[in-house]
Amino acid sequence: MQNHHDARLRIAAFDRVRELTAIYGDAIPWSEIAQGFSTDGEHFFLSGKARGIFRPQKMSRGLISIKTTVPRAGRSHRYNDIASDDGFFEYRFMGDDPTNSDNRSMRESWEDQTPFIYFHAVAPTFYEAIWPAFITEWNPQAMTVHVVPGELQSNSIATPIPIDARRYAVVAAKQRLHQAMFREDVLAAYSDRCAITGIPEKRLLHAAHILPDRDERGVPIISNGIAMTVLHHSAYDSDLLGIDADGKIHINRSLLEMHDGPTLQHALQNIHGTVLRKPTGQINYPNRDYLAARFERFAKAP
C-alpha cells in the first residue's frame, strides 16, 4: 500500500501532466516533461531520459511513470502494436532480470495497484500522457506487464477501470495515439506549416486526412494527410474547400459569392486557385488518386 508521501507525490505529478496536456494536447515535448514538477518544497522528475521505467529516489514503492520507445518514422505498420484490442497496453521488462530495480518497481505497482503516468511516444521527443494508469498483470515468464487506463475520482483516489470497460478504454486510447502519431508525422513533413497558407504556428495546425479512416484506403500515412489550420481543415471536411489531383485549391461557390468582410476574403476566398505547398520528400506528396477521389465529393457538394 502506498504511503502518504508517495500518494502526494503522485497527485502532484498528475497535476503537472494535466497542465502540460492542457497546453500541448496529445504531443507533449520532452523538453517540458524533463522539467519535472515541484511539491512540498521539493523538485522531482516526471520521467528518466535514458530509462523507460522511472521512480524518484524519495518514492518508497512503485513508480511514477513508464515511457515507451520512440516509434520509427515513416511506417504505418508501427501503429499496429500500440495496444492490444483485448484491453491492455503491453510493456516489456527492462533487461532480462525480473528482480532488477526497474522491474521490481513495476511489480510493486502491480501488487499495490498504485497509479502512474504512461508516456507513449507519438514522434521523436513528443509524448502523449495516459494517466492514471495501472499494471494489471506482471508476468516474469513473458517478461511483460499489462498496462490499463484508470480513473481519477478525486484529488486523492485513482482506480483501475472495471474489467468490462477496459477494452473500450484501451481502444479509445489507441485511436487517440493513432491520430497523435499521424499528426506529428504529417506536420513534420510540412515543416510545421500550413500547406495552404504557410502559417507556422503548430498549435493552430491539424493533420487533415484526404481519405478518412472509414475508407479502406484511408491509412495513417503522410501521403494521405495535409497540414492545415483548424479553419481550413473544417472547411475541407465540410466540402467548402476542395483540392484537386494537381494540388489546386478550390473554394465552394457559395463562399466565393458571400460578402462578409476581410476575414472571409483573406482566409478563404483569396486562396481559391492557389496551389498546395509541397512537403519534404516526394514520397510524402499527397496521393494524387486520393486527392481525385476526395475532390469528387467536393464537386458534388451544393
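Bear in mind that the values here come from a model prediction, so they are computed numbers and not experimental data.

(A) Highlighting the pattern of salt bridges. Taken as a whole, this structure holds 19 salt bridges when the rule is applied. The salt bridge involving R294 is made with D237; its shortest N-O contact spans 3.3 Å. A residue pair is termed long-range when its members are at least 10 positions apart, and R294 in helix α8 (residues 288-300) and D237 in helix α5 (residues 230-237) qualify at 57 residues. Through salt bridges with shared partners, one network takes in R55, R61, R107, E108, E111 and D112.

(B) Local environment of helix α3 (residues 101-112). Taking 1.5 Å per residue, 12 residues should reach 16 Å; α3 reaches 16 Å between its end C-alpha atoms and fits that length. Taken together, the buried positions of α3 are D102, N103, S105, M106, E108, S109 and D112. For α3, the secondary structure elements touched by its buried residues are β4 (53-54), β5 (65-67), β6 (89-92), β7 (116-123), β8 (126-139) and β9 (144-152). The opening residue of α3, the one whose side-chain oxygen lies 3.1 Å from the backbone nitrogen of D102, is N100. Looking one or two residues beyond α3, the residue adopting positive phi is Q113, at roughly 55°.

(C) Expanded view of the nonpolar core. Of all hydrophobic cores here, the largest spans 31 residues; its most connected members are I196, I226, Y236, L241, I243 and L268. Among the elements of the structure, α4 (163-189), β11 (205-209), β12 (225-229), α5, β13 (241-243), β14 (249-251), α7 (262-267) and α8 are those that each provide at least two residues to this core. Top contributing element to this core by residue count: α4, with four residues. Excluding anything up to four places from it in sequence, I243 contacts I226, M228, Y236, K248, L276, L291 and F295. Grouped together as the second largest cluster of nonpolar side chains are 23 residues, I66, Y118, I130 and V147 included.

Each value, and the rule that gives it
Numbers given for residues are sequential positions, taken from 1 along each chain in its written order. For a predicted model such as this one, the threshold for reporting local features is a pLDDT of at least 70, and the threshold for listing and counting side-chain atom pairs is 80 or more; totals across whole chains, interfaces and linings nevertheless cover every residue. Calculation of side-chain values draws on the structure's entire complement of heavy atoms; hydrogens and water are dropped beforehand. By definition here, a salt bridge exists when the distance from a side-chain nitrogen of Lys or Arg to a carboxyl oxygen of Asp or Glu is within 4 Å. Think of it this way: any DSSP run of H or I at least four residues long counts as a helix, any run of E at least two long counts as a strand, and we number them from the N terminus. The span expected for a helix works out to 1.5 Å for each residue beyond the first. Exposed residues in this analysis have more than 50% of their type's maximum accessible area, buried residues have under 20%, and partly exposed residues fall in between, with area computed by a 1.4 Å probe over protein chains only. By definition, residues are in contact when any of their heavy atoms lie within 4.5 Å. Whenever a nitrogen or oxygen atom comes within 3.5 Å of another N or O atom, the pair is scored as a polar contact, on the condition that within protein one atom can donate a hydrogen and the other can accept it, and that pairs from neighbouring residues in sequence are kept only if both atoms are in side chains. Residue types Ala, Val, Leu, Ile, Met, Phe, Trp, Tyr and Cys, when buried and joined through side-chain atoms within 4.5 Å, form a set referred to as a nonpolar core.

The values reported here are purely geometric and, on their own, carry no functional implication.
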